[in-house]
Amino acid sequence: MDAITASLALLRLEGLGPGRYWQLVEHFGSAAQALHQLPPALLQKLPQRAQQQWRDFASMGDSSPLLCWAADERERCCASGVILLAAGSAEYPPLLAQIQRPPPILYVRGNTHAVHLPQIAVVGARRATSGGVDNAMAFAAELCSAGFAVTSGLALGIDAAAHRGALRVEGTTLAVLGSGVDHLYPRRNQGLAKDIIDSGGAIISELPLGSNAEAAHFPRRNRIISGLSLGVLLVEAARHSGSLITARLAAEQNREVFAIPGSIHNPMARGCHRMIKEGAALVETAADIASQLGGLLSLPTAPAPAAGPLLAPQQIHLLQALVGEPRSLEQLAQQTGEEAGTLMANLVQLELEGLVEQLPGGYQLTRAGAVCLDSSAEATV
């Protein structure tokens, strides 16, 4: 019995789980030996169904339902183009192998070589602001241009934006799921998953085919995202966010943790600020990440930025008024001296250009707005 079949069968025992799996493998030396010599004391702690599964295996061997399921699972993977990677094999991601009790089996759709690339995880809120989405796409694109692959979780919001930012520059991106690789979640990102695979990336899970997305699966998914990566970039997150779990797991795994700061008035920046207080590196550019990683990969010289929208002096003045933190309409009127009608017309135009965004209680500068403002300042020097 090879390692993949033995691992599939052992993990199929109801109630066993990766923790007990590794305890058994560490004690017996291999999944096959652990399966054949399952201790009676442990067996009694498992659910009745698992006890029956193992007794059937002990009496029926290769024809037992347990091994038949493992064989069928391998055939299903082969038929659907899914590759199985076993911990301890040369094909298994080396960084992931270093974490405590890594996934015994990885299911991979797409390019299995992608799991060996130097990766940066880019994660954040599902309900992200437009500025957060812009940042995720821009950082992911810049990191891919520097030679990194971008890893995330295929979720709505920041995750999807990070994948799209990587694809925009024809970079490699990997998506780790909290469901089976044949059961994509959320469904609206199925097209994005196809683009990831078609571009040379990969879709990854430790869960068997057909597994649904469940709340308990996502912390396990998050440890894979951080475990695959050299570092984790937190783009935008509320104070109590699942993305903070990924960041903390990264710290526990001795990975670098980075966070993009935001306005103190933006609730979606509070998770980033919390991580910065706990030791995450504050970053403003992708170059900050490359330098923090000790120059593992250096960023290329940035190309000259494309010409931005032509702005009237009043609109440039308005962008300058938004530097630092969001402003209410009343504050902007007082700061710029503009009448409400003119001010609103300029704000609408700038919002359509993607240079400002509206938040509850005010307006703030987007990343594109800050770049446009810097370009305008350079042009006047």
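What you see is a predicted model, and the numbers here were worked out from it, not measured in a lab. Residue numbering note: each chain is counted from 1, following its sequence as written. With pLDDT at 70 or above as the cut-off, local features in this predicted model cover only qualifying residues; side-chain atom pairs require 80 or more to be listed or tallied, and sums for whole chains, interfaces and linings still use all residues. Hydrogen atoms and water are omitted, and side-chain values are computed over all heavy atoms in the structure.

1. Some details on the sheet that holds strand 8 (residues 256-259)
Next, step 1: An order of 1-2-6-5-4-3-7-8-9 is seen for the nine strands of this open sheet, with the pairing classed as mixed. Every interior strand has two partners, whereas the edge strands, strand 1 (82-86) and strand 9 (281-282), have only one.
Next, step 2: Strands were regarded as paired on the criterion that DSSP finds at least two bridges between them. Secondary structure counts use DSSP, requiring at least four H or I residues in a row for a helix and at least two E residues in a row for a strand, with both numbered from the N terminus. Pairing geometry for strand 8 and strand 9, over two bridges, is parallel. By the bridge assignment for strand 9, Phe 258 is matched with Ala 281.

2. Some thoughts on the pattern of salt bridges
Next, step 1: Here, a salt bridge means any Lys or Arg side-chain nitrogen found within 4 Å of an Asp or Glu carboxyl oxygen. In the structure shown here, the tally under the stated rule is nine salt bridges.
Next, step 2: With a closest N to O distance of 2.7 Å, Arg 74 and Asp 2 form a salt bridge. Here Arg 74 is found in helix 6 (residues 65-80), whereas its partner Asp 2 is found in the segment before helix 1 (3-12), with 72 residues between them in sequence.
Next, step 3: Lys 194 is the salt-bridge partner of Asp 198, the closest N and O atoms lying 2.7 Å from each other.

3. Regarding the side chain of Gln 364
Next, step 1: Counting through the fold element by element, Gln 364 comes out in strand 11 (residues 362-365).
Next, step 2: In protein, a polar contact means a hydrogen-donor-capable atom and an acceptor-capable atom, both N or O and within 3.5 Å, with residues adjacent in sequence counting only if both atoms are side-chain atoms; elsewhere, any N or O pair within 3.5 Å suffices. Reaching out from Gln 364, the side chain makes a polar contact with the side chain of Glu 357 at a distance of 2.6 Å.
Next, step 3: The contact criterion used is simple: two residues touch if any of their non-hydrogen atoms lie within 4.5 Å. The residues touching Gln 364, leaving out its near neighbours within four places in the chain, are Ser 263, Leu 322, Pro 326, Leu 355, Val 356, Glu 357 and Leu 359.

4. What to know about unusual backbone geometry
Negative phi is the rule for most residues except glycine; trans is the rule for most peptide bonds.
Next, step 1: Put simply, Tyr 185 and Pro 186 share a cis peptide bond, and its omega is 0°.
Next, step 2: Looking at where Pro 186 falls in the secondary structure, it is placed in the loop between strand 5 (173-176) and helix 10 (190-198).
Next, step 3: Unlike most non-glycine residues, Glu 170 shows phi in positive territory, near 60°.
Next, step 4: Among the secondary structure elements, Glu 170 is positioned in the loop between helix 9 (158-168) and strand 5.
Next, step 5: Three exposure classes are used, based on accessible area relative to the maximum for each residue type with a 1.4 Å probe and protein chains only: buried under 20%, partly exposed in between, and exposed over 50%. You can call Glu 170 exposed: its relative accessible area is 75%.

5. Quick look at helix 15 (residues 313-321)
Next, step 1: If you check which residues of helix 15 are buried, you get Gln 315, Leu 318, Leu 319 and Ala 321. The buried residues of helix 15 occupy an angular sector of 155° when the element is viewed end-on, so they sit on one face. In this description, the arc belongs to the directions extending from the helix axis to the C-beta atoms.

6. A look at the environment of Leu 95
Next, step 1: Checked against the element boundaries, Leu 95 lands in helix 7 (residues 94-97).
Next, step 2: Since its relative accessible area comes to 22%, Leu 95 is described here as partly exposed.
Next, step 3: Through-space distance from the C-alpha of Leu 95 to that of Leu 228 is 5.6 Å; in sequence the pair is 133 residues apart.
Next, step 4: Aside from chain neighbours lying at most four places away, what touches Leu 95 is Gly 227, Leu 228, Ser 229, Leu 230 and Arg 255.

7. A few points about helix 1
Next, step 1: Most of helix 1 is tucked away, with seven of its 10 residues classed as buried.
Next, step 2: Looking only at helix 1, the buried set comprises Ile 4, Thr 5, Ala 6, Ser 7, Leu 8, Ala 9 and Leu 10.
Next, step 3: Against the buried residues of helix 1 lie helix 2 (17-28), helix 3 (31-36), helix 6, strand 1 and strand 2 (105-110).

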